[in-house]
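Below are the chains, spelled out letter by letter.
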Amino acid sequence: SIKSHDMPDVIDFLVLHQFYNEAKERNWQIGDRFRSIIDDAWWFGMVESQQPFQPEYPDSSFQCYSVHWDNNEREKMSPWDMEPIPEGTAYPEEVGAGVPVTTEELASLLYKPQEGEWGAHSRDEECVRVLRGIDQLLSLDISNPFAVPVDLSAYPLYCTVVAYPTDLTTIRRRLENRFYRRISALMWEVRYIEHNARTFNEPDSPIVKAAKIVTDVLLRYIGDQGCTDILEIYNKVKAEDLSSTDEEEEVAEVFAESDGPGTSSGKRTARQRVKRQPVKACADAWREQCKQLLSLIYEREDSEPFRQPVDLFSYPNSSHSSFDRHQNVSSLYTVKK
């Protein structure tokens, strides 16, 4: 996979293959007129010459055209940045000015799905079907933690741990806007619901189990293009994944005061907690676990400033700050001891 970030005033080095193929079909000649979109407006110019941008790459099309804009500026352009001027195009009243791009023109420049990229149906048909399924899924309590984006004010560390946040409402809006170019891209994002929950929370926590069910249900629904009732799939997945009544109640139980977030900060319906059997363990087992944790922290390079107590002779100001406030200067060594 490739990750990219669009930046203003920086050339696009990633071009849709569809646009690249169309550009290769054009055979620009010296003196040909063209137009190009820059900052949501059409700008017009003429081809002056053609030569490789770098002599060591004679077959490259990147910025191989020298163009003369109508405002008398000159620039190097790539063929995928240039478009023939359709007949009847309205030119700007002032020579060298731009013409605003219309909504219809922008829509015509969007990616056009190829045959098979959305299975046996068209993109529009599948987007409408999956939207209905997500709406059904959102009616279930189990989907509440993944309904909207994580509240970063409540979980400020979430964005430092999770690289690609997503949620059901975000996916829904992207389906409405035809964001996904192919069905595989939609499924890729859906998988991140479970992935993000596992990344931020304990592996066996209720919220991770709930994320797995929500993800499995939605992926199966997307994959079965003849299905129109996602609740049927939910009942099947729930029966497969929950081996006992206790586990079922634990997954359905997602409390607003949970220690780990899903993707929703909204209020959740409180349920009766599952009664658990007491765990038999050594009374001092926690001490050994703490020692192991401290040993791991000691190995980290960034723990060095906290390994030993502050030397008040070397850092007398500490006695007026930390020591006075807390009445005790602690360290990892002190805790371990």
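Because the structure is a prediction, the values reported are computed rather than measured.

Quick notes on the rules
Residues numbered from 1 in each chain as written. Predicted model: local features only at pLDDT ≥ 70, side-chain atom pairs only at ≥ 80, totals over all residues. Heavy atoms only, no water. Phe/Tyr/Trp six-rings, centres within 6.5 Å; stacked < 30°, edge-to-face > 60°. Helix = DSSP H or I, 4+ residues; strand = E, 2+ residues; numbered from the N terminus. Buried < 20%, exposed > 50% of the residue type's maximum accessible area, 1.4 Å probe, protein only. Lys NZ or Arg CZ within 6 Å of the ring centre and 35° of its normal. Salt bridge = Lys/Arg side-chain N within 4 Å of Asp/Glu carboxyl O. Patch = residues over 30% accessible without salt bridge, like charges linked within 9 Å, V, L, I, M, F, W, Y side chains within 5 Å. Areas by Shrake-Rupley, 256 points an atom, 1.4 Å probe, with all protein chains shown as cover. pLDDT = per-residue confidence, 0-100. Contact = heavy atoms within 4.5 Å. Axes fitted to C-alpha atoms, helices over the stretch in contact; angles between N-to-C directions. Parallel < 35°, antiparallel > 145°, perpendicular 65-115°, else oblique. Left-handed = near helix turned anticlockwise from the far one by under 90°. Nonpolar A, V, L, I, M, F, W, Y, C, P; charged D, E, K, R; others polar. Pairing = 2+ DSSP bridges.

### Some words on the packing of aromatic side chains
Under the counting rule described, the total for this entry stands at 11 aromatic pairs. Ring centres of Tyr164 and Trp188 lie 5.0 Å apart, and the angle between their planes is 70°; this geometry places the pair in the edge-to-face category. One end of the pair, Tyr164, is in the loop between α4 (158–161) and α5 (168–176); the other, Trp188, is in helix α6 (residues 183–200), and 24 residues separate them in sequence. Relative accessible area serves as the criterion here: at 24%, Tyr164 is assigned to the partly exposed category. Taken together, the aromatic side chains of Trp28, Phe34 and Trp69 make up a single cluster linked through ring pairs. Seen from the ring of Trp42, Arg35 lies directly overhead, with NZ or CZ sitting 3.6 Å from the centre.

### Digging into the pattern of salt bridges
By the definition in use, this model includes 13 salt bridges. A salt bridge links Glu48 to Arg74, with the nearest nitrogen and oxygen atoms 3.0 Å apart. Note that Glu48 is positioned in strand β2 (residues 41–50) and Arg74 in strand β4 (residues 74–77), a separation of 26 residues in sequence. When its relative accessible area of 28% is taken as the criterion, Glu48 is described as partly exposed. Overall, the relative accessible area of 55% leaves Arg74 in the exposed class.

### A few points about a nonpolar patch on the surface
A cluster of nonpolar side chains, Leu293, Leu296 and Ile297, forms an exposed patch at the surface whose accessible area comes to about 270 Å². Inspection of the secondary structure assignment puts Ile297 in helix α10 (residues 285–299).

### Notes on the confidence of the model for the protein chain
Mean pLDDT over the protein chain works out to 83, with 79% of the residues at or above the 70 mark. For the stretch residues 265–281, pLDDT sits under 50, and the model shows 24 contacts to residues farther than four places along the chain or on other chains. Low pLDDT, under 50, characterises residues 319–326; the predicted model gives this stretch 6 contacts beyond four residues in sequence or across chains.

### Topic: the packing of helix α3 (residues 123–138) against helix α7 (residues 206–223)
Across the interface, α3 lies against α7 with an axial gap of 10 Å and an inter-helix angle of 150°. Put simply, α3 runs roughly antiparallel to α7. Judged by the sense of rotation from one axis to the other, the crossing of α3 with α7 is right-handed. Touching Glu126, Arg129, Val130, Gly133, Ile134 and Leu137 of α3 are Val214, Val217, Leu218, Tyr221 and Ile222, all from α7. In the contact of α3 with α7, the residues fall into 8 nonpolar, 1 polar and 2 charged.

### What about the packing of α5 against α6?
One way to put it is that α5 packs onto α6 with a least axis distance of 10 Å and a crossing angle of 170°. Regarding the angle of α5 to α6, the classification is roughly antiparallel. Crossing handedness for the pair α5 and α6: right-handed. Contact with α5, carried on its side by Leu168, Thr170, Ile171, Arg174 and Leu175, involves Leu186, Glu189, Val190 and Ile193 of α6 and no other residues of that element. When the residues that make up the contact of α5 with α6 are grouped by side-chain class, the tally is 6 nonpolar, 1 polar and 2 charged.

### Some details on the environment of Arg129
Looking at the secondary structure, you find Arg129 in helix α3. The sequence separation of Arg129 and Asp229 amounts to 100 residues, and the corresponding C-alpha distance is 9.7 Å. Residues within four places of Arg129 in sequence aside, it is in contact with Tyr221, Ile222, Asp224, Gln225 and Cys227.

### What about unusual backbone geometry?
In the Ramachandran plot, Asp40 falls in the positive-phi region, its phi being about 65° despite a non-glycine side chain. Looking at the secondary structure, you find Asp40 in the loop between β1 (33–38) and β2. Residue Asp40 is classed as exposed on the basis of its relative accessible area, which comes to 59%. Non-glycine residue Arg178 carries a positive phi angle of around 55°. Examined against the element boundaries, Arg178 turns out to sit in the loop between α5 and α6.

### Quick word on the environment of Phe179
One can find Phe179 in the loop between α5 and α6. Phe179 gets classed as partly exposed once you look at its relative accessible area, which sits at 47%.

### What about the pairing of strand β3 (residues 65–69)?
By the criterion of burial, β3 is predominantly enclosed, with 5 of the 5 residues buried. Side chains of β3 alternate between two faces, with Tyr65, Val67 and Trp69 and Ser66 and His68 buried alike. Inspection of the sheet shows β2 paired to β3 by 5 bridges, in the antiparallel sense. Across the sheet, the residue bridging to Val47 is Val67, located in β3. In this sheet, β4 lies alongside β3 in antiparallel orientation, the contact comprising 4 bridges. Bridge pairing in β4 places His68 opposite Arg74.

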